[in-house]
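Architecture at a glance
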Amino acid sequence: MHTLLTLAIGGDLEIIGSRLRARQIAALCGFSNQDQIRIATTVSELARTSFNYAPGGTIRFLLRALHGRWALLIEIEMAWRDRHQTERAIVEAKNELIGSDGVVAARRFMDECDITTDQRGLFIVLHKFFDIQTSKNTPEDIVTAISHLEKLPSNIALSEANRQNVDLSQALLALEAKQIELVEISSQLERTNREVEGLNALLRDKAAALLSASRSKDEFLSTLSHELRGPLSASGMAAGLLEASPHNAEQTTKLSQLITRQVKHMSRLVEDLLDVSRVSRGLVSMHAQPVDISTVITAAVEQLSHAISIKGHAVEVDLPARPCMILGDRTRLVQVLSNLLGNAVRYTPNGGDIVIKAQIENDEVVVEISDNGIGIAESLMPHLFDLYTQAELSTDGKNSGLGLGLALVKSLVELHHGRVTAYSAGIGQGSSFELRFKLMVVCLTD
């Protein structure tokens, strides 16, 4: 153990001096500036408390190896001159000290704080551990440095006040820095909160989308069973009639034609299902080559000519005089145009008007198919190109379908790096579909 310094406490100047010396010793021990202030504050508060309870006392600063570590040991002794009152005064002082602000602060700032008594008086013992390896001074250096400390200045009160002003200024700067840090943390928390709210909204949207997809799937399965039941029932009935009257030539022809139509209908349903499955898995094979969109439109009209004739539609085809070349798969492009034209035929009452127009706008080929049919409800427009979405089924089943066509159209058009959009003024106002593809520049040579 090394004794560093002993101070007598008998008045306010000695209390101020004890604060200054405590800070100097703490600095020599290598404590941080914040710990220096805490040690100095603790010593001065306990010195003042001692002076209030007893006529005088002493403060001893020591270095001690404790539990394998070096510690700054501070002993504050409260002494009474009147020995007849000592025992009672010691008991009273101890009881009051235990809950005093000075002891509470000491127990918060120091590693250990004990209050002991004996016949001589009352002792407050404080320990503050420090790392001798990180300190610039050895215990011997600290003892030597303290022995060479300058005398306390005569205007010690003013000097200490100035020192405390500096400490307060530094503490204020530290608080301002912490305030700035807290403001930044608060801003980060607010941003995080907004992100969490955004994620919650996204999760709600995803949940709603999943519920909608589940309902669409159930509706699709119901529609599929309805679509297949009709052709299967008709084909089964026709097969039964053929078996019952195998020699009736006229009936055989009609029933064979009926079976053929129903088989074609079911084949179309199966092909749509297969195409959607291929597109969703990225298995659609594309054979890209230069294609004139006019030939694609002509092929699609030819495919639907029979259905157009049956319903008595007037179809107007407006094609540009020069070729409208795009890079694409002709078979898939015909499938796209046939699907859109088929919808126009299906959803336009008998004797309706259908217009197919192709033109070049800047560097794009634009194809528009419009009709004066049943139109599209406003509520349906945002989901028009989703899987299993279709207009309301008519009571006679003529406008039936699986709701796969437009989803397939969108996927095939996007595979060609094109765009498809739809427009309708509402129910009974007809509809219009627009396709846009990148125009292919064809270089002609002699």
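Structure report, in brief. What you see is a predicted model, and the numbers here were worked out from it, not measured in a lab.

**Side note on the packing of helix α10 (residues 330–346) against helix α11 (residues 405–415)**
Interaxial distance between α10 and α11 falls to 10 Å at its minimum, and their mutual angle equals 145 degrees. The hand of the α10/α11 crossing is left-handed. Of the residues in α11, those touching α10 at R332, Q335, V336, N339, L340 and N343 are G405, L406, L408, V409, L412 and V413. Taken together, the residues of the contact of α10 with α11 break down into seven nonpolar, four polar and one charged.

**Some remarks on the sheet that holds strand β5 (residues 122–130)**
Read across the sheet, five strands follow the order β1-β2-β3-β5-β4 without closing on themselves; strand pairing throughout is antiparallel. The strands lining the two open edges of the sheet, one partner per strand, are β1 (2–9) and β4 (112–117). If you compare each strand with its neighbour and ignore which way they point, the axes differ by 20 degrees on average. Here β1 pairs with strand β2 (residues 56–66) via seven bridges, running antiparallel. Looking at β2, one finds that L5 is bridged to F61. Strands in contact with helix α2 (residues 33–53) are β1, β2, β3 (69–79) and β5; relative to β3, the strand with the most contacts, it is inclined by about 20 degrees. Against the sheet, helix α4 (residues 101–109) engages β4 and β5, with an angle of about 135 degrees to β4.

**Focus on the sheet that holds strand β10 (residues 364–371)**
The strand order across the open sheet built from five strands is β7-β9-β10-β12-β11, with neighbouring strands paired in mixed fashion. Looking at strand neighbours, the two that pair on one side only are β7 (314–318) and β11 (419–423), the edges of this open sheet. Across the sheet, the axes of successive neighbouring strands diverge by a mean angle of 15 degrees, strand direction being ignored. In the sheet, β10 pairs with strand β12 (residues 431–438) via eight bridges, with the strands oriented antiparallel. Bridging across to β12, E364 finds its partner in K438. Along the sheet, helix α8 (residues 293–303) makes contact with β7, β9 (353–361) and β10, crossing β9 at roughly 170 degrees. Each of β9, β10 and β12 touches α10; the most contacted strand, β10, lies at about 25 degrees to it.

**What to know about the packing of α2 against α4**
Here α2 crosses α4 at 155 degrees, and the two axes come no closer than 9 Å. Here α2 lies roughly antiparallel to α4, going by the angle between them. The two elements α2 and α4 cross, and the hand of that crossing is left-handed. Residue-level inspection shows R38, T42, E45 and L46 of α2 in contact with α4, the latter providing G102, V103, A105, A106 and F109. Classifying every residue of the contact of α2 with α4 gives five nonpolar, two polar and two charged.

**Focus: a nonpolar patch on the surface**
On the surface, a cluster of nonpolar side chains totalling about 290 Å² of accessible area is made up of L182, I185 and L189. Tracing the backbone shows L182 in helix α6 (residues 156–244).

**Re the nonpolar core**
I293, V336, L337, L340, L341, V367 and L435 are the most contacted members of the largest nonpolar core, which has 43 residues in total. Looking at this core, the elements with two or more residues in it are α7 (249–280), α8, α10, β9, β10, α11 and β12. Of the residues forming this core, the biggest block, eight residues, is contributed by α10. If we skip the residues at most four places from it in the chain, V367 touches I293, I297, L337, K357, A358, F433, E434 and L435.

Definitions and cut-offs
- Per chain, residues are indexed from 1 in the order of the written sequence.
- Side-chain atom pairs in this predicted model are given and counted only at pLDDT of 80 or more, local residue features only at pLDDT of at least 70, and totals for whole chains, interfaces and linings cover all residues.
- Hydrogens and water molecules were not included; the side-chain quantities draw on all heavy atoms of the structure.
- To obtain each axis, a line is fitted to C-alpha atoms, and for helices this fit is confined to the stretch in contact; angles are then taken between N-to-C directions over 0 to 180 degrees.
- We count a stretch as a helix when DSSP gives it H or I for four or more residues in a row; a strand needs E for two or more, and each element gets its number in order from the N terminus.
- What makes a crossing left-handed is the near helix being turned counterclockwise from the far one by less than a right angle; a clockwise turn instead makes it right-handed.
- Here a residue-residue contact requires only that any non-hydrogen atoms of the pair lie within 4.5 Å.
- The residue classification treats Ala, Val, Leu, Ile, Met, Phe, Trp, Tyr, Cys and Pro as nonpolar and Asp, Glu, Lys and Arg as charged. All others, Gly included, are polar.
- Pairing between strands requires that DSSP locate at least two bridges from one strand to the other.
- Orientation labels follow simple angle bins: below 35 degrees gives roughly parallel, above 145 gives roughly antiparallel, 65 to 115 gives roughly perpendicular, and whatever is left gives oblique.
- Patch definition: residues above 30% relative accessible area lacking any salt bridge, with like charges linked at up to 9 Å and the nonpolar side chains Val, Leu, Ile, Met, Phe, Trp and Tyr linked at up to 5 Å.
- Using a 1.4 Å probe, accessible areas were evaluated by the Shrake-Rupley method; residue-level cover was limited to the displayed protein chains.
- Salt bridges, as used here, are contacts in which a Lys or Arg side-chain nitrogen is within 4 Å of a carboxyl oxygen on Asp or Glu.
- Among the buried residues, those of types Ala, Val, Leu, Ile, Met, Phe, Trp, Tyr and Cys that are joined through side-chain atoms within 4.5 Å form a nonpolar core.
- In this scheme, a residue with accessible area under 20% of its type's maximum is buried, one over 50% is exposed, and one in between is partly exposed, where area comes from a 1.4 Å probe on protein chains only.

Functional significance is not addressed by these values, which are geometric in nature.
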